[in-house]
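# A look at the structure
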Amino acid sequence: MNRIKTIETVSQVGENVLVKGWVNVRRNMGKITFLDLRDRFGILQVVAVPAELDQASQEILTDIRPEFVLSIEGTVQARGVKQINNDIKTGTVELLAHKISILSTAETPPFEIDNEERQANEELRLKYRYLDLRHERMKNNIIARDRMIMFLREWLHKNDFIEIQTPILSKSTPEGARDYLVPSRLHPGKFFALPQAPQQYKQLLMVAGMEKYFQIAPCFRDEDARADRSPGEFYQLDMEMSFVSQEDILSLVEKMFTEMVETLFPDKKITQKPWPRINHDEAVKKYGSDKPDLRKDKNDPNELAFTWVLNFPLFAKQTVEDRFHGAGDVWGPSHNMFTAPQEKDIPLLDSDPGKVQSYQHDLALNGFEVGGGAVRIHDMKIQEKVWDLIGFSDEQKKQFKHYSEAFKYGVPPHGGIAPGIDRLLMVLLGEKNLKEVTAFPLTSDGRDPMMESPSSVSQEQLDELHLSIKKK
Ligand code: ASP
């Protein structure tokens, strides 16, 4: 007999079926034992009475504990009207068991699986993440993530985009965060950097003539965690398009996310359509934030207030900590160094760079920044000017030799954006922390208690990589 999903029993009343899954709850009622069997698709009530079970099944029945993995053959029967349970999808039926086999036993889990309250602390939940993911809410979040990525992939393909993977072993990219470095064994003393974003690659793909690129891109930034910022890695829906204006980028993203919300999250209401647009300086003046929360009712869990923030200054004063400079109080890029100035302001690059407005666009949702991007500079003369204004040395310019070189060979006007998958999902699902929408996140202090990473490595590995660890 082929295994069916618990949810399929609903249409199989009177049939003999085989189901497999985990014991969610076991209840003993005198001679009758009830087992709630859980698979990814739902929970099914199984009734075990000795008279209906074969000999072997009768003998193992008392051994069965929560989280055991079972295979159960039985007859699907309709529940009496009073027994119908509208809380579960299989609530109109139950399975009368004839044969039960134990596929795997289980120890008592370190926290309750059938209990929806989040009682376990973060450390315990992440150490036993594979058990934490058995919680209904967590499972649904991971499934929602899959549905969202699937929707976006299909939508973008229908709109002429192609998905292209860019390297993970890459070079330091100037997104403004600290890099994760990977030592090279073959090239002693040299390092790869994990990409903070595929920014240069996607622009070079435009030079290559790919025209419309996207990627569900892992991005790595060595930053301290906050509820809405993961330490380590996160995923962006990275996009880039050629021959587009800022307006084209905004309307494409608006259409894509509106359709996604309407299809996948029909209970949600978008506050204002088309999405409001607000100037950066106005946002800061009026709301004290460059990611204003424009919800009408902040207590409504279904309200989604998407807002475009536009007309950012091209430059912002950088502090001493800024990694591109030795000294403070110099101009740095407000978004990134490839962002185009607005044409009307190009003369100001020479006279008053602080007044130059750019083609940066940020997407805010309910007070979170869920995406940022820009129309890019596609004229090397302007790029050079920007590099000079942010105080790039010849040495620093040399690090972008490949980029300036590429720009000699016919560059289409282009631009893009990179909405954050994790952050968007967090807001859509009403979760308070990115960890609730990521299968295997790091702890707030950047560790994985399950894999126990980061971890020490052997002396041989260090030797091979030409590395030595400094004693404290
Ligand atoms: N690479 C940028 C970022 O990670 C996004 C973009 O400009 O497309 O913020």
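If you look the protein up in an unreviewed UniProt entry, it shows as Aspartate--tRNA(Asp/Asn) ligase from Candidatus Komeilibacteria bacterium RIFOXYC1_FULL_37_11. Taken from UniProt, the Subcellular location (unreviewed entry) comment for the protein reads in full: "Cytoplasm". The heading Sequence similarities (unreviewed entry) in the UniProt record of the protein holds the text "Belongs to the class-II aminoacyl-tRNA synthetase family. Type 1 subfamily."

With that settled, consider the nonpolar core. Grouped together as the largest cluster of nonpolar side chains are 61 residues, with contacts concentrated most on Leu237, Met239, Phe257 and Phe306. A per-element tally of this core places helix 6 (residues 246-264) first, with eight residues. Here Leu237 is in contact with Leu152, Leu156, Phe214, Gln215, Ile216, Met256, Phe257, Ile417, Ala418, Pro419 and Ile421, once residues within four sequence places are set aside. Judged by nonpolar contacts, the second largest core, of 20 residues, contains Phe68, Ile72, Val76 and Leu95.

All right, on to the side chain of Glu303 then. Summarising the element assignment, Glu303 is placed in strand 13 (residues 303-304). The buried charged residue Glu303 lacks any salt bridge, with Arg295 as its nearest oppositely charged partner at 5.8 Å. Polar side-chain contacts of Glu303 include one of 2.9 Å to the backbone nitrogen of Asp297.

Across all of its chains, the model carries ten aromatic pairs by this definition. Both rings, one in Trp275 and one in Trp308, keep their centres 5.8 Å apart while their planes meet at 35°; by these two values the pair is tilted. With a gap of 33 residues between them, Trp275 in the loop between strand 11 (269-270) and strand 12 (277-279) and Trp308 in strand 14 (residues 306-310) connect regions that are remote in the sequence. Overall, the relative accessible area of 3% leaves Trp275 in the buried class. One aromatic cluster is present, built from ring pairs that chain together Phe338, Trp387, Phe392, Phe400, Tyr403 and Phe407. It is Lys5 that lies over the ring of Phe41; its NZ or CZ is 4.9 Å from the centre. Over the face of the ring belonging to Trp331 we find Lys317, whose NZ or CZ atom lies 4.2 Å from the ring centre.

Moving on to the packing of helix 4 (residues 136-158) against helix 12 (residues 421-428). Two elements in contact, helix 4 and helix 12, have axes separated by 11 Å at closest approach and are oriented at 120°. Judged on the interaxial angle alone, helix 12 and helix 4 are oblique. Relative to helix 12, the crossing made by helix 4 is right-handed. Here Asn141, Ala144, Arg145, Met148, Ile149 and Leu152 of helix 4 lie close against helix 12, whose contacting residues are Ile421, Asp422, Leu424, Leu425 and Leu428. A breakdown of the residues in the contact of helix 4 with helix 12 according to their chemical character gives eight nonpolar, one polar and two charged.

About the thresholds
Throughout this document, residue positions are counted from 1 along each chain, in the order its sequence is written. Two thresholds apply to this predicted model, a pLDDT of at least 70 for residue-level local features and 80 or more for giving and counting side-chain atom pairs, whereas whole-chain, interface and lining totals are computed over all residues. To get the side-chain values, all heavy atoms of the structure are used, and hydrogens and water are removed first. UniProt positions are given in the numbering used here, feature names are shortened, and annotations may be inferred rather than shown by experiment. We define the nonpolar core as a collection of buried residues of types Ala, Val, Leu, Ile, Met, Phe, Trp, Tyr and Cys that are connected through side-chain atoms lying within 4.5 Å of one another. Each residue gets one of three labels from its accessible area relative to the maximum for its type: buried under 20%, exposed over 50%, partly exposed in between, using a 1.4 Å probe on protein chains only. In this text, helices come from DSSP runs of H or I with a minimum length of four residues, and strands from runs of E with a minimum of two, each type numbered from the N-terminal end. Here a residue-residue contact requires only that any non-hydrogen atoms of the pair lie within 4.5 Å. Charge counting follows a simple rule: Lys and Arg are positive, Asp and Glu are negative, and His as well as the terminal groups are ignored. Take a side-chain nitrogen of Lys or Arg and a carboxyl oxygen of Asp or Glu: if they are within 4 Å of each other, that pair is a salt bridge. Polar contacts, as used here, are pairs of N or O atoms within 3.5 Å; protein pairs need one atom able to donate a hydrogen and one able to accept it. Residues neighboring in sequence count only if both atoms are side-chain atoms. Under the pairing criterion, centres of Phe, Tyr and Trp rings, with the six-membered ring standing for Trp, must be within 6.5 Å; the plane angle then separates stacked pairs below 30 degrees from edge-to-face pairs above 60, leaving the rest tilted. Two conditions define a charge located above a ring, namely a distance within 6 Å from the ring centre to NZ of Lys or CZ of Arg, and an angle within 35 degrees of the ring normal. Lines fitted to C-alpha atoms define the axes here, with helix axes fitted over just the stretch in contact, and angles between the N-to-C directions of these axes take values from 0 to 180 degrees. Our angle categories are set so that under 35 degrees counts as roughly parallel, over 145 as roughly antiparallel, 65 to 115 as roughly perpendicular, and the remainder as oblique. By definition, any crossing whose near helix is turned counterclockwise from its far helix by less than a right angle is left-handed, and any crossing with a clockwise turn is right-handed. Each residue gets one of three labels, nonpolar for Ala, Val, Leu, Ile, Met, Phe, Trp, Tyr, Cys and Pro, charged for Asp, Glu, Lys and Arg, and polar for the others, Gly among them.

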